[in-house]
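Architecture at a glance
Residue strings, one per chain:
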Amino acid sequence: MSKQWYEVKQQHNLGYRIIFFLMKICPAPAMRFLAIPVGFFYFLFGKGTRAVSRNYLSRCFGRKARSGEIARHIISFALNLIENIQSWMGVFSFEDLRWQNDDISDLVEDINAGRGTVIVISHLGNAQMLKGLASLGESGTKRKVSVTTISDENISGGFYTLLSEVNHDYSFNHISTDDIGPETILLLQKRLEEGGTIVIAGDRVSAHTSRNLEVEFFGGKAKFPYGVFLMVALLDAPTYFVSGLRQKDISVRPRYDMLAKKNPVRFDCPRKEREERIKETARLYAENLETLCKLHPYQWYNFFDFWA
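Report follows, based on the coordinates. (Residues numbered from 1 in each chain as written. Predicted model: local features only at pLDDT ≥ 70, side-chain atom pairs only at ≥ 80, totals over all residues. Heavy atoms only, no water.)

**Details of helix H9 (residues 182-193)**
- With 12 residues, H9 should reach 16 Å at 1.5 Å per residue; the first-to-last C-alpha distance of 17 Å fits that figure.
- Residues of H9 that are buried include every one of Thr184, Ile185, Leu188 and Leu192, and no others. What you see down the axis of H9 is that its buried residues fit within an arc of 100°, all on one side. Exposed residues on H9 whose side chains face more than 90 degrees from its buried face are Pro182, Glu183, Leu186 and Glu193.
- Downstream of H9 by a residue or two, glycine 195 has a phi angle that is positive, lying close to 90°. (Helix = DSSP H or I, 4+ residues; strand = E, 2+ residues; numbered from the N terminus. Expected span 1.5 Å × (residues − 1). Buried < 20%, exposed > 50% of the residue type's maximum accessible area, 1.4 Å probe, protein only. Arc of directions from axis to C-beta.)

**Brief notes about the sheet that holds strand S3 (residues 147-151)**
- Taken together, the seven strands give an open sheet; going across it, the order is S1-S9-S8-S2-S5-S3-S4, and neighbouring strands pair in mixed fashion. Among the strands making up the open sheet, the edge pair consists of strand S1 (97-99) and strand S4 (173-176). Along the sheet, successive strands turn relative to each other by an average axial angle of 25°, direction set aside.
- Examined bridge by bridge, strand S2 (residues 117-121) and strand S8 (residues 239-246) share three bridges and lie parallel to one another. Residue valine 118 lies in a different strand from S8, and its bridge partner there is threonine 239.
- Docked against the sheet, H9 engages S2, S3, S4 and strand S5 (197-201), running at close to 155° with respect to S4. (Pairing = 2+ DSSP bridges. Axes fitted to C-alpha atoms, helices over the stretch in contact; angles between N-to-C directions. Contact = heavy atoms within 4.5 Å.)

**Brief notes about the state of the cysteines**
- The full count for this structure, using the stated rule, is zero disulfides.
- There is no disulfide at cysteine 293, and the cysteine sulfur nearest it, in cysteine 60, is 6.1 Å away.
- By relative accessible area, which is 0% here, cysteine 293 ends up buried. (Disulfide = S-S within 2.5 Å.)

**Things to note about unusual backbone geometry**
- Look at phenylalanine 218: it is not a glycine, yet its phi comes out positive at around 50°.
- Locating phenylalanine 218 in the fold gives a position in the loop between strand S6 (212-217) and strand S7 (220-225).
- With a phi angle near 45°, aspartate 236 is a residue other than glycine that sits in the positive phi range.
- Assignment of secondary structure puts aspartate 236 in the loop between helix H10 (226-235) and S8.

**A look at a nonpolar patch on the surface**
- Residues Val38, Phe40, Phe41, Tyr42, Leu44 and Phe45 make up a contiguous nonpolar surface patch of about 640 Å² in total accessible area.
- Its location among the elements puts leucine 44 in helix H3 (residues 28-45). (Patch = residues over 30% accessible without salt bridge, like charges linked within 9 Å, V, L, I, M, F, W, Y side chains within 5 Å. Areas by Shrake-Rupley, 256 points an atom, 1.4 Å probe, with all protein chains shown as cover. Salt bridge = Lys/Arg side-chain N within 4 Å of Asp/Glu carboxyl O.)

**Details of the pattern of salt bridges**
- Summed over all chains, the structure comprises 15 salt bridges.
- Close ionic contact of lysine 279 with glutamate 276 constitutes a salt bridge, the shortest N to O distance being 3.8 Å. Of this pair, lysine 279 and glutamate 276 both sit in helix H11 (residues 271-295), three residues apart, which is roughly one turn of that helix.
- Owing to a relative accessible area of 44%, lysine 279 belongs among the partly exposed residues under this scheme.
- Arginine 283 serves as the salt-bridge partner of glutamate 287, at 3.1 Å between the closest nitrogen and oxygen. Taken together, the positions of glutamate 287 and arginine 283, both in helix H11 and four residues apart, correspond to about one turn of that helix.
- The partly exposed category is assigned to glutamate 287, whose relative accessible area is 43%.
- Exposure remark for arginine 283: the relative accessible area of 36% places this residue in the partly exposed category.
- Here the residues in one salt-bridge network are Arg63, Arg66 and Glu69, joined through shared partners.

**Digging into the packing of aromatic side chains**
- Taken as a whole and judged by the stated rule, the model has 21 aromatic pairs.
- Ring geometry for phenylalanine 41 against phenylalanine 45: centres 4.9 Å apart, planes inclined by 45°, an arrangement best described as tilted. Of the two residues, phenylalanine 41 and phenylalanine 45 are both situated in helix H3; the distance of four residues between them amounts to about one turn of the helix.
- For phenylalanine 41, a relative accessible area of 47% translates into the label partly exposed.
- Overall, the relative accessible area of 60% leaves phenylalanine 45 in the exposed class.
- Look at phenylalanine 224 and phenylalanine 306: their rings are 5.3 Å apart centre to centre, the planes differ by 75°, and that puts the pair in the edge-to-face class. Of the two residues, phenylalanine 224 is situated in strand S7 and phenylalanine 306 in the segment after H11; the sequence distance between them amounts to 82 residues. Judged on exposure class, the residue phenylalanine 224 and its partner phenylalanine 306 are both buried.
- Looking at arginine 59, its charged tip hangs above the ring of tryptophan 307, at a distance of 4.3 Å from the centre. (Phe/Tyr/Trp six-rings, centres within 6.5 Å; stacked < 30°, edge-to-face > 60°. Lys NZ or Arg CZ within 6 Å of the ring centre and 35° of its normal.)

Right, dumping it as structure tokens:
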């Protein structure tokens, strides 16, 4: 039986702690170099990881993925783990990012104007980069961004505890999905009114509910979290799908492209129309994610059977 992401994720906290320790004693380029043989080790001995990578890459390429391509995918993931942590330690600089000529200008304009924004990220590329740079005051905006992240604390709580050890001054607030309720929505709306940014991932279903949205994704029906897109509807703020993608899949001195796509769907509508607009937002999110995965197939890091 295929494991869901939250069953796999619980196995990673020890690995993160080892990486955090090594990062304190080894220079960043050396850690990125060491990530390559570590990724190859997981490729050799991670049978389940190889299987889910092959499934995803085969869908992405439209043919059966080769062993070398699967190895490249897993090594890319090992590098991403290092770079996630570097984002929080201040090793990555704003100068290492290249903004695209897309909706990022609208996002920066909203932030500079003090308009609250919702950012729906994915596990494509470096999901921690934007949050890490915001916590360090390097967001590319005229004002420092107050970031509130939402994730499953039972699964990711250990990771956030480790983050506090390397960056004591990070300025985001974390809300667990366990705590989401009417009061939480009011709190989030207040933070948006204050010009804050809400960040949540849209490509992993909840560990606490079976209510999901079935969306066409790489030629099959895949489950996306209903609660995330319901929250987008309830908050009804400018919403962007944002990704930070390594320019070269395998690099010990990486530079990143930041991409943003604004959600055109608004929720200033009667309640009976809201469900269709929620589904349309999820469809557009999945469509954007699939497009970017085809451009950077080795940088989507959901190592579980997404179509199970």
